[in-house]
Amino acid sequence: MKIELIDLKQRYKEESHQIFKCIKKVVSKGNLVLTKELENFEQKICNYTGSKFCLGLNSGTDALMISLWALGIGKGDEVITSPTSFVATIGAIIHVGAKPIFVDISDDLNIDPLKIEKKITKRTKAIMPVHWAGKMCDMYQITKIAKKYNLKIIEDAAQGMGSYFDKKHAGSFSDIAAFSTHPLKNLNGLGDGGFVTTNNKKLYEKMKLYRNHGMKSRDNVHLFGINSRLDVLNAEVLSFRLTKLKSVIQKRRKNIELYKKYLNQKYIKIPRDNEKEFSSFVIFLCLCEKRNDLQNFLKKKGIQSLIYYGTPLHKHVASKKLKLSKTQLPVAEKLAKKVLALPHHQGLKRNEIKFICNTINNFYKNH
Ligand SMILES: Cc1ncc(COP(=O)(O)O)c(C=O)c1O
(Lines give C-alpha, C1' and ligand atoms only; values in the text may rest on other atoms or scores of the structure.)
Protein backbone atom coordinates (compact mmCIF):
# COMPACT_ATOMS: atom_id res chain seq x y z
CA MET A 1 0.00 0.00 0.00
CA LYS A 2 1.29 3.50 -0.84
CA ILE A 3 0.11 6.24 1.49
CA GLU A 4 0.97 9.89 1.02
CA LEU A 5 1.28 12.44 3.79
CA ILE A 6 -1.26 14.76 2.20
CA ASP A 7 -3.41 14.46 -0.88
CA LEU A 8 -3.89 17.79 -2.60
CA LYS A 9 -4.35 16.17 -6.02
CA GLN A 10 -7.35 14.18 -4.84
CA ARG A 11 -8.91 17.30 -3.35
CA TYR A 12 -8.45 19.14 -6.62
CA LYS A 13 -10.14 16.30 -8.49
CA GLU A 14 -13.15 16.48 -6.19
CA GLU A 15 -13.44 20.26 -6.39
CA SER A 16 -12.25 21.10 -9.90
CA HIS A 17 -15.73 22.02 -11.13
CA GLN A 18 -16.27 24.58 -8.36
CA ILE A 19 -12.73 25.89 -8.61
CA PHE A 20 -13.12 26.60 -12.32
CA LYS A 21 -16.41 28.30 -11.54
CA CYS A 22 -14.60 30.57 -9.07
CA ILE A 23 -11.89 31.39 -11.61
CA LYS A 24 -14.43 32.12 -14.34
CA LYS A 25 -16.47 34.36 -12.07
CA VAL A 26 -13.48 36.49 -11.12
CA VAL A 27 -11.66 36.61 -14.43
CA SER A 28 -14.75 37.40 -16.49
CA LYS A 29 -15.21 40.65 -14.56
CA GLY A 30 -11.79 41.83 -15.69
CA ASN A 31 -10.94 43.30 -12.30
CA LEU A 32 -8.39 41.28 -10.39
CA VAL A 33 -7.12 43.38 -7.49
CA LEU A 34 -8.87 44.44 -4.24
CA THR A 35 -12.35 43.58 -5.53
CA LYS A 36 -15.68 42.77 -3.90
CA GLU A 37 -14.71 39.06 -3.85
CA LEU A 38 -11.89 39.89 -1.43
CA GLU A 39 -14.22 41.93 0.80
CA ASN A 40 -16.71 39.05 0.77
CA PHE A 41 -14.01 36.61 1.81
CA GLU A 42 -12.93 38.90 4.65
CA GLN A 43 -16.51 39.20 5.88
CA LYS A 44 -16.90 35.41 5.78
CA ILE A 45 -13.77 35.00 7.89
CA CYS A 46 -15.21 37.48 10.40
CA ASN A 47 -18.43 35.45 10.53
CA TYR A 48 -16.52 32.20 10.99
CA THR A 49 -14.01 33.36 13.60
CA GLY A 50 -16.15 35.92 15.41
CA SER A 51 -13.61 38.70 14.75
CA LYS A 52 -14.77 42.20 13.91
CA PHE A 53 -12.21 42.81 11.17
CA CYS A 54 -10.23 40.77 8.68
CA LEU A 55 -7.75 41.68 5.95
CA GLY A 56 -6.70 39.28 3.20
CA LEU A 57 -2.93 39.30 2.63
CA ASN A 58 -0.25 37.67 0.50
CA SER A 59 0.89 35.19 3.14
CA GLY A 60 0.97 34.25 6.79
CA THR A 61 4.48 35.68 6.94
CA ASP A 62 3.23 39.09 5.79
CA ALA A 63 0.35 38.77 8.24
CA LEU A 64 2.86 38.48 11.10
CA MET A 65 5.02 41.32 9.83
CA ILE A 66 2.12 43.68 9.23
CA SER A 67 0.77 42.87 12.72
CA LEU A 68 4.10 43.83 14.27
CA TRP A 69 4.33 47.06 12.26
CA ALA A 70 0.79 48.04 13.14
CA LEU A 71 1.56 47.58 16.85
CA GLY A 72 4.64 49.78 16.48
CA ILE A 73 7.05 46.98 17.34
CA GLY A 74 10.55 47.40 15.92
CA LYS A 75 14.16 48.21 16.74
CA GLY A 76 15.16 47.60 20.34
CA ASP A 77 11.98 45.67 21.16
CA GLU A 78 11.73 42.05 22.24
CA VAL A 79 8.98 39.61 21.31
CA ILE A 80 8.52 36.41 23.27
CA THR A 81 7.77 33.35 21.19
CA SER A 82 8.15 29.59 20.79
CA PRO A 83 11.20 27.79 19.37
CA THR A 84 8.90 25.12 17.94
CA SER A 85 7.46 26.73 14.85
CA PHE A 86 8.06 27.47 11.20
CA VAL A 87 10.91 29.91 10.60
CA ALA A 88 8.47 32.65 9.48
CA THR A 89 7.52 33.25 13.12
CA ILE A 90 10.93 34.65 13.99
CA GLY A 91 11.71 35.85 10.46
CA ALA A 92 8.86 38.34 10.80
CA ILE A 93 10.09 39.55 14.19
CA ILE A 94 13.63 40.00 12.88
CA HIS A 95 12.51 41.78 9.71
CA VAL A 96 10.70 44.49 11.67
CA GLY A 97 13.94 45.06 13.60
CA ALA A 98 12.89 43.40 16.89
CA LYS A 99 14.47 40.45 18.69
CA PRO A 100 12.79 37.09 19.24
CA ILE A 101 13.11 35.79 22.79
CA PHE A 102 12.47 32.08 23.06
CA VAL A 103 10.54 30.41 25.83
CA ASP A 104 10.67 26.63 26.00
CA ILE A 105 7.66 24.47 25.11
CA SER A 106 5.84 21.86 27.15
CA ASP A 107 4.91 18.35 26.05
CA ASP A 108 1.91 19.64 24.08
CA LEU A 109 4.49 21.24 21.70
CA ASN A 110 3.29 24.77 22.51
CA ILE A 111 4.99 27.57 24.47
CA ASP A 112 4.98 26.83 28.19
CA PRO A 113 3.12 29.73 29.84
CA LEU A 114 4.76 28.97 33.19
CA LYS A 115 8.15 29.88 31.73
CA ILE A 116 7.15 33.18 30.10
CA GLU A 117 7.44 35.60 33.03
CA LYS A 118 11.11 34.82 33.60
CA LYS A 119 11.93 36.05 30.09
CA ILE A 120 10.15 39.40 30.35
CA THR A 121 12.46 42.44 30.37
CA LYS A 122 12.02 46.19 30.00
CA ARG A 123 12.32 45.72 26.26
CA THR A 124 9.54 43.11 25.95
CA LYS A 125 6.68 44.50 23.87
CA ALA A 126 4.68 41.45 22.91
CA ILE A 127 4.07 37.72 23.23
CA MET A 128 3.63 35.76 20.03
CA PRO A 129 2.17 32.34 20.91
CA VAL A 130 2.08 29.81 18.07
CA HIS A 131 -0.82 27.36 17.83
CA TRP A 132 1.47 24.63 16.55
CA ALA A 133 -0.13 21.96 14.33
CA GLY A 134 -3.52 23.52 15.09
CA LYS A 135 -3.18 22.81 18.82
CA MET A 136 -4.23 25.82 20.85
CA CYS A 137 -1.92 27.43 23.41
CA ASP A 138 -3.36 28.06 26.85
CA MET A 139 -4.62 31.51 25.98
CA TYR A 140 -6.03 32.30 29.43
CA GLN A 141 -2.65 31.98 31.07
CA ILE A 142 -0.94 33.93 28.30
CA THR A 143 -3.56 36.70 28.38
CA LYS A 144 -3.12 36.99 32.16
CA ILE A 145 0.64 37.50 31.82
CA ALA A 146 0.22 39.99 28.97
CA LYS A 147 -2.21 42.05 31.07
CA LYS A 148 0.06 41.97 34.12
CA TYR A 149 3.05 43.33 32.14
CA ASN A 150 1.07 45.44 29.69
CA LEU A 151 2.23 43.45 26.68
CA LYS A 152 0.58 43.04 23.30
CA ILE A 153 -0.36 39.59 22.01
CA ILE A 154 -0.01 38.55 18.38
CA GLU A 155 -1.31 35.03 17.85
CA ASP A 156 0.62 33.14 15.21
CA ALA A 157 -2.50 31.33 14.07
CA ALA A 158 -1.00 30.32 10.72
CA GLN A 159 -2.01 26.75 11.62
CA GLY A 160 -4.99 27.75 13.76
CA MET A 161 -7.92 28.08 11.36
CA GLY A 162 -10.81 26.06 12.77
CA SER A 163 -9.17 25.64 16.21
CA TYR A 164 -10.88 26.81 19.40
CA PHE A 165 -9.88 27.47 22.99
CA ASP A 166 -12.77 27.38 25.44
CA LYS A 167 -15.15 27.57 22.46
CA LYS A 168 -13.53 30.78 21.16
CA HIS A 169 -11.84 30.66 17.78
CA ALA A 170 -8.07 31.13 17.43
CA GLY A 171 -7.45 34.84 17.14
CA SER A 172 -10.03 35.78 19.78
CA PHE A 173 -7.41 36.34 22.48
CA SER A 174 -5.00 38.81 20.96
CA ASP A 175 -4.58 42.30 19.61
CA ILE A 176 -4.03 40.77 16.18
CA ALA A 177 -3.93 37.20 14.87
CA ALA A 178 -2.05 36.09 11.75
CA PHE A 179 -3.34 33.19 9.62
CA SER A 180 -1.92 31.39 6.59
CA THR A 181 -3.86 29.93 3.69
CA HIS A 182 -0.83 28.13 2.24
CA PRO A 183 -1.79 24.93 0.32
CA LEU A 184 -0.82 22.76 3.32
CA LYS A 185 -3.28 24.43 5.70
CA ASN A 186 -6.85 23.30 6.44
CA LEU A 187 -8.28 26.35 4.73
CA ASN A 188 -5.99 26.41 1.72
CA GLY A 189 -5.84 28.45 -1.43
CA LEU A 190 -4.41 27.77 -4.86
CA GLY A 191 -1.09 29.21 -3.77
CA ASP A 192 0.25 31.49 -1.06
CA GLY A 193 -2.09 33.60 0.98
CA GLY A 194 -3.00 34.67 4.47
CA PHE A 195 -5.01 37.12 6.53
CA VAL A 196 -5.12 38.98 9.82
CA THR A 197 -8.04 39.32 12.20
CA THR A 198 -8.52 41.91 14.93
CA ASN A 199 -11.28 43.52 16.96
CA ASN A 200 -9.51 46.88 16.98
CA LYS A 201 -10.65 49.27 14.26
CA LYS A 202 -7.56 51.50 14.48
CA LEU A 203 -5.24 48.53 14.07
CA TYR A 204 -7.36 47.27 11.19
CA GLU A 205 -7.11 50.60 9.41
CA LYS A 206 -3.39 50.79 9.96
CA MET A 207 -2.88 47.27 8.62
CA LYS A 208 -5.02 48.14 5.62
CA LEU A 209 -2.56 50.91 4.83
CA TYR A 210 0.46 48.63 5.28
CA ARG A 211 -1.15 46.09 2.96
CA ASN A 212 -1.32 48.50 0.04
CA HIS A 213 1.76 50.75 0.09
CA GLY A 214 0.29 53.05 2.72
CA MET A 215 -2.11 54.49 0.14
CA LYS A 216 -5.39 55.98 1.28
CA SER A 217 -5.97 56.79 -2.37
CA ARG A 218 -3.79 56.96 -5.50
CA ASP A 219 -2.38 60.37 -4.57
CA ASN A 220 -2.46 60.04 -0.82
CA VAL A 221 0.29 57.93 0.74
CA HIS A 222 0.27 57.97 4.54
CA LEU A 223 3.10 55.58 5.30
CA PHE A 224 5.42 53.26 3.43
CA GLY A 225 3.87 49.85 3.32
CA ILE A 226 4.15 46.90 0.97
CA ASN A 227 2.05 45.09 -1.61
CA SER A 228 0.47 42.26 0.35
CA ARG A 229 -3.01 42.10 -1.18
CA LEU A 230 -4.56 38.64 -1.15
CA ASP A 231 -5.03 37.56 -4.73
CA VAL A 232 -8.70 37.85 -5.66
CA LEU A 233 -8.79 34.45 -7.38
CA ASN A 234 -7.51 32.93 -4.19
CA ALA A 235 -10.04 34.88 -2.13
CA GLU A 236 -12.89 33.43 -4.19
CA VAL A 237 -11.54 29.87 -3.94
CA LEU A 238 -11.02 30.34 -0.20
CA SER A 239 -14.61 31.56 0.19
CA PHE A 240 -15.78 28.37 -1.50
CA ARG A 241 -13.49 26.19 0.61
CA LEU A 242 -14.59 27.92 3.79
CA THR A 243 -18.04 26.40 3.24
CA LYS A 244 -16.37 22.96 3.50
CA LEU A 245 -14.01 23.67 6.36
CA LYS A 246 -16.19 22.29 9.15
CA SER A 247 -16.54 18.94 7.40
CA VAL A 248 -12.81 18.88 6.52
CA ILE A 249 -11.94 19.36 10.19
CA GLN A 250 -14.50 16.79 11.31
CA LYS A 251 -12.93 14.20 9.00
CA ARG A 252 -9.45 15.09 10.20
CA ARG A 253 -10.47 14.79 13.83
CA LYS A 254 -11.94 11.36 13.06
CA ASN A 255 -8.54 10.33 11.64
CA ILE A 256 -6.94 11.22 14.94
CA GLU A 257 -9.51 9.19 16.86
CA LEU A 258 -8.65 6.19 14.70
CA TYR A 259 -4.93 6.72 15.17
CA LYS A 260 -5.52 6.87 18.94
CA LYS A 261 -7.52 3.66 18.77
CA TYR A 262 -5.08 1.61 16.71
CA LEU A 263 -1.65 2.92 17.76
CA ASN A 264 0.09 1.25 20.65
CA GLN A 265 1.14 4.40 22.45
CA LYS A 266 3.90 2.84 24.49
CA TYR A 267 6.68 4.04 22.17
CA ILE A 268 4.86 6.58 20.06
CA LYS A 269 2.90 9.32 21.76
CA ILE A 270 0.23 11.65 20.48
CA PRO A 271 0.70 15.05 22.21
CA ARG A 272 -1.99 15.61 24.82
CA ASP A 273 -5.01 17.82 24.16
CA ASN A 274 -5.32 20.74 26.53
CA GLU A 275 -8.43 20.73 28.63
CA LYS A 276 -10.18 23.59 26.83
CA GLU A 277 -8.80 22.95 23.38
CA PHE A 278 -10.55 21.95 20.14
CA SER A 279 -7.76 21.31 17.63
CA SER A 280 -8.23 21.48 13.88
CA PHE A 281 -5.24 19.10 13.52
CA VAL A 282 -3.86 20.79 10.45
CA ILE A 283 -0.95 18.36 10.69
CA PHE A 284 -0.72 15.21 12.77
CA LEU A 285 2.43 15.12 14.87
CA CYS A 286 3.57 12.22 17.01
CA LEU A 287 6.50 11.88 19.37
CA CYS A 288 8.39 8.68 18.61
CA GLU A 289 11.20 6.68 20.11
CA LYS A 290 13.81 5.69 17.48
CA ARG A 291 12.21 8.26 15.18
CA ASN A 292 14.69 8.07 12.29
CA ASP A 293 14.62 4.26 12.19
CA LEU A 294 10.83 4.34 12.28
CA GLN A 295 10.72 6.83 9.40
CA ASN A 296 12.99 4.61 7.28
CA PHE A 297 10.86 1.58 8.10
CA LEU A 298 7.67 3.42 7.11
CA LYS A 299 9.27 4.54 3.86
CA LYS A 300 10.11 0.94 2.96
CA LYS A 301 6.48 0.01 3.57
CA GLY A 302 5.25 2.81 1.27
CA ILE A 303 4.13 5.17 4.03
CA GLN A 304 5.22 8.78 3.70
CA SER A 305 6.09 10.75 6.84
CA LEU A 306 7.86 14.02 7.54
CA ILE A 307 10.03 15.40 10.33
CA TYR A 308 8.21 18.59 11.25
CA TYR A 309 10.76 20.06 12.27
CA GLY A 310 14.02 18.47 13.35
CA THR A 311 15.63 21.82 14.16
CA PRO A 312 14.15 24.16 16.75
CA LEU A 313 14.27 27.80 15.64
CA HIS A 314 17.19 28.82 17.87
CA LYS A 315 19.41 26.12 16.33
CA HIS A 316 19.31 27.29 12.71
CA VAL A 317 22.48 28.70 11.14
CA ALA A 318 20.74 32.05 10.68
CA SER A 319 19.85 32.11 14.39
CA LYS A 320 23.41 31.35 15.40
CA LYS A 321 24.61 34.31 13.32
CA LEU A 322 22.26 36.55 15.32
CA LYS A 323 23.40 34.95 18.60
CA LEU A 324 19.94 33.55 19.28
CA SER A 325 21.26 30.06 19.85
CA LYS A 326 22.63 30.34 23.37
CA THR A 327 19.28 29.92 25.11
CA GLN A 328 18.68 26.67 26.94
CA LEU A 329 15.50 25.12 25.59
CA PRO A 330 15.78 21.47 26.60
CA VAL A 331 12.19 20.42 25.93
CA ALA A 332 12.10 21.87 22.40
CA GLU A 333 15.47 20.28 21.66
CA LYS A 334 14.43 16.89 23.02
CA LEU A 335 11.09 16.80 21.22
CA ALA A 336 12.61 17.92 17.90
CA LYS A 337 14.46 14.58 17.92
CA LYS A 338 11.20 12.67 18.35
CA VAL A 339 8.64 14.51 16.29
CA LEU A 340 7.19 12.95 13.14
CA ALA A 341 4.19 13.91 11.00
CA LEU A 342 2.13 10.92 9.89
CA PRO A 343 -0.24 10.80 6.88
CA HIS A 344 -3.25 12.94 7.63
CA HIS A 345 -5.85 14.40 5.29
CA GLN A 346 -9.58 14.34 4.86
CA GLY A 347 -9.44 11.59 2.20
CA LEU A 348 -7.54 9.12 4.38
CA LYS A 349 -9.42 5.82 4.77
CA ARG A 350 -9.90 3.75 7.92
CA ASN A 351 -8.04 0.78 6.39
CA GLU A 352 -5.11 3.04 5.51
CA ILE A 353 -4.89 4.31 9.10
CA LYS A 354 -5.12 0.73 10.36
CA PHE A 355 -2.28 -0.26 8.02
CA ILE A 356 -0.11 2.66 9.20
CA CYS A 357 -0.77 1.83 12.87
CA ASN A 358 -0.13 -1.90 12.40
CA THR A 359 3.12 -1.12 10.60
CA ILE A 360 4.24 1.17 13.45
CA ASN A 361 3.17 -1.31 16.13
CA ASN A 362 5.10 -4.06 14.34
CA PHE A 363 8.17 -1.86 14.08
CA TYR A 364 8.24 -1.35 17.84
CA LYS A 365 7.54 -5.01 18.55
CA ASN A 366 10.74 -5.92 16.68
CA HIS A 367 13.01 -3.09 17.87
C1 LIG B 1 3.38 28.61 12.49
C2 LIG B 1 3.56 29.31 11.17
N3 LIG B 1 3.78 30.62 11.16
C4 LIG B 1 3.89 31.29 10.00
C5 LIG B 1 3.79 30.66 8.79
C6 LIG B 1 3.97 31.44 7.53
O7 LIG B 1 2.85 31.36 6.68
P8 LIG B 1 3.03 31.48 5.10
O9 LIG B 1 3.72 30.26 4.61
O10 LIG B 1 1.64 31.63 4.59
O11 LIG B 1 3.84 32.72 4.87
C12 LIG B 1 3.57 29.29 8.76
C13 LIG B 1 3.45 28.57 7.47
O14 LIG B 1 3.63 27.41 7.35
C15 LIG B 1 3.44 28.58 9.97
O16 LIG B 1 3.23 27.27 10.00
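Quantities reported herein were computed from a predicted structural model and do not represent experimental measurements. (Residues numbered from 1 in each chain as written. Predicted model: local features only at pLDDT ≥ 70, side-chain atom pairs only at ≥ 80, totals over all residues. Heavy atoms only, no water.)

Student: Could you give an account of the overall build of the chain, naming the residues involved and the relevant values?
Tutor: Looking only at helices and strands, the chain features 12 helices and 15 strands. Here the C-alpha radius of gyration of the chain, 21 Å, is about what a compact globule of 367 residues would show, namely 21 Å. The principal-axis extents of the C-alpha atoms in the chain amount to approximately 70 × 55 × 35 Å. The 367 residues of the chain split such that 54% are buried. Within the chain, contacts between residues separated by at least 24 positions form 70% of all contacts whose residues are at least 6 apart in sequence. If you sum the accessible surface of the chain, you get close to 17600 Å²; carbon and sulfur atoms cover 52% of it. Mean positive and mean negative side-chain charge positions of the chain (65 and 33 charges, respectively) differ by 2 Å. (Helix = DSSP H or I, 4+ residues; strand = E, 2+ residues; numbered from the N terminus. Rg over C-alpha atoms; globule rule 2.2 N^0.38 Å. Buried < 20%, exposed > 50% of the residue type's maximum accessible area, 1.4 Å probe, protein only. Contact = heavy atoms within 4.5 Å. Areas by Shrake-Rupley, 256 points an atom, 1.4 Å probe, with all protein chains shown as cover. Lys, Arg positive; Asp, Glu negative; His and termini not counted. Charge placed at Lys NZ, Arg CZ, Asp CG, Glu CD.)

Student: Summarise the sheet that holds strand E14 (residues 285–288); cite the residues concerned and give the values.
Tutor: Ordered in space as E12-E14-E15, the 3 strands form an open sheet in which the pairing is antiparallel. Looking at the sheet topology across the chains shown, the edges are occupied by strand E12 (268–269) and strand E15 (339–341). Pairing between E12 and E14: 2 bridges, direction antiparallel. Pairing of lysine 269 across the sheet is with leucine 287, part of E14. (Pairing = 2+ DSSP bridges.)

Student: Residues and numbers for the site of the ligand, please.
Tutor: Close to the ligand lie 16 residues; Gly60, Thr61, Asp156, Ser180 and Lys185 are nearest. Measuring from an oxygen atom of the ligand, one finds a side-chain N or O atom of threonine 61 at 2.5 Å. Within the side chain of glutamine 159, an N or O atom sits 2.8 Å from an oxygen atom of the ligand. Within the complex, the protein chains bury 92% of what would otherwise be the 390 Å² of accessible surface of the ligand. Those elements that provide at least two residues to the shell around the ligand are helix H3 (60–70) and helix H4 (88–95). Per element, the largest residue contribution to the shell around the ligand is 3 residues, and it comes from H3. Considered class by class, the residues forming the shell around the ligand number 6 nonpolar, 8 polar and 2 charged. (Near = heavy atom within 4 Å. Polar contact = N/O pair within 3.5 Å; in protein donor to acceptor, adjacent residues only side chain to side chain. Nonpolar A, V, L, I, M, F, W, Y, C, P; charged D, E, K, R; others polar.)

Student: With reference to specific residues and values, describe the nonpolar core.
Tutor: The biggest cluster of nonpolar side chains holds 37 residues, and the ones touching the most others in it are Phe41, Ile116, Met161 and Leu187. Those elements that place two or more of their residues in this core are helix H2 (36–49), helix H5 (139–148), strand E6 (164–165), strand E8 (176–180), helix H7 (232–242) and helix H8 (245–262). Counting residues per element, this core draws most heavily on H2, at 5 residues. Leaving out residues up to four positions away in the same chain, leucine 187 has contacts with Phe41, Ile45, Met161, Ser180, Thr181, Phe195, Leu238, Arg241, Leu242 and Leu245. Listed in part, the 28 residues of the second largest apolar core include Ala63, Leu64, Ile176 and Leu203. (Core = buried A, V, L, I, M, F, W, Y, C linked by side-chain atoms within 4.5 Å.)

Student: Report on the environment of glutamate 205, specifying residues and quantitative values.
Tutor: Inspection of the secondary structure assignment puts glutamate 205 in helix H6 (residues 201–211). In the structure, glutamate 205 is positioned 24 residues away from arginine 229 in sequence and 14 Å away in space, judged by C-alpha atoms.

Student: Give me the packing of aromatic side chains: which residues, what numbers.
Tutor: Counted according to the given criterion, the structure contains 16 aromatic pairs. Measuring from ring centre to ring centre gives 6.3 Å for tryptophan 132 and tyrosine 308, while their planes differ by 55°; the resulting arrangement is tilted. In this pair, tryptophan 132 is assigned in the loop between strand E4 (124–128) and H5 and tyrosine 308 in the loop between helix H9 (291–300) and helix H10 (317–321), connecting sequence segments 176 residues apart. By relative accessible area, tryptophan 132 is classed as buried at 2%. Taking the centre distance of 5.1 Å and the plane angle of 45° together, the rings of tyrosine 308 and tyrosine 309 count as tilted. These aromatic residues form a ring-pair network of at least three members: Phe86, Trp132, Tyr308 and Tyr309. (Phe/Tyr/Trp six-rings, centres within 6.5 Å; stacked < 30°, edge-to-face > 60°.)

Student: Kindly report on the side chain of glutamate 155, identifying the contributing residues and their values.
Tutor: Tracing the backbone through its elements, the reader meets glutamate 155 in strand E5 (residues 152–156). It turns out glutamate 155 is buried and unbridged, and the closest side chain with the opposite charge, lysine 168, is 11 Å from it. Not counting chain neighbours up to four residues away, the residues in contact with glutamate 155 comprise Pro129, His131, Met136, Met139, Ala170, Gly171, Ser172, Phe173, Ser174, Ile176, Ala177 and Ala178. (Salt bridge = Lys/Arg side-chain N within 4 Å of Asp/Glu carboxyl O.)

Student: Explain empty space enclosed by the protein to me, using residue names and the numbers behind them.
Tutor: Any empty space left between the atoms is revealed when a probe the size of a water molecule rolls over them. Under the definition given, this model contains 4 cavities of 30 Å³ or more. Estimated volume of the largest cavity: approximately 110 Å³. If you trace the largest cavity, you find 14 residues lining it, with Thr84, Tyr308, Tyr309, Ala336 and Val339 closest to the centre. A total of 3 residues in the lining of the largest cavity trace back to one element, the largest contributor, which is helix H11 (residues 330–336). The residue makeup of the lining of the largest cavity, split by class, is 11 nonpolar, 3 polar and no charged. In this structure, the second largest cavity encloses a volume near 50 Å³. Together, Leu109, Ala133, Lys135, Ile270, Pro271, Phe281, Ile283, Phe284 and Leu285 line the second largest cavity. Per-class residue counts for the lining of the second largest cavity are 8 nonpolar, no polar and 1 charged. (1 Å grid on protein atoms, 1.4 Å probe; cavity = no way out; pocket = protein on both sides within 12 Å on 5 of 7 lines; lining within 4 Å. Points joined across faces, edges and corners; volume = space filled by probe spheres on them.)

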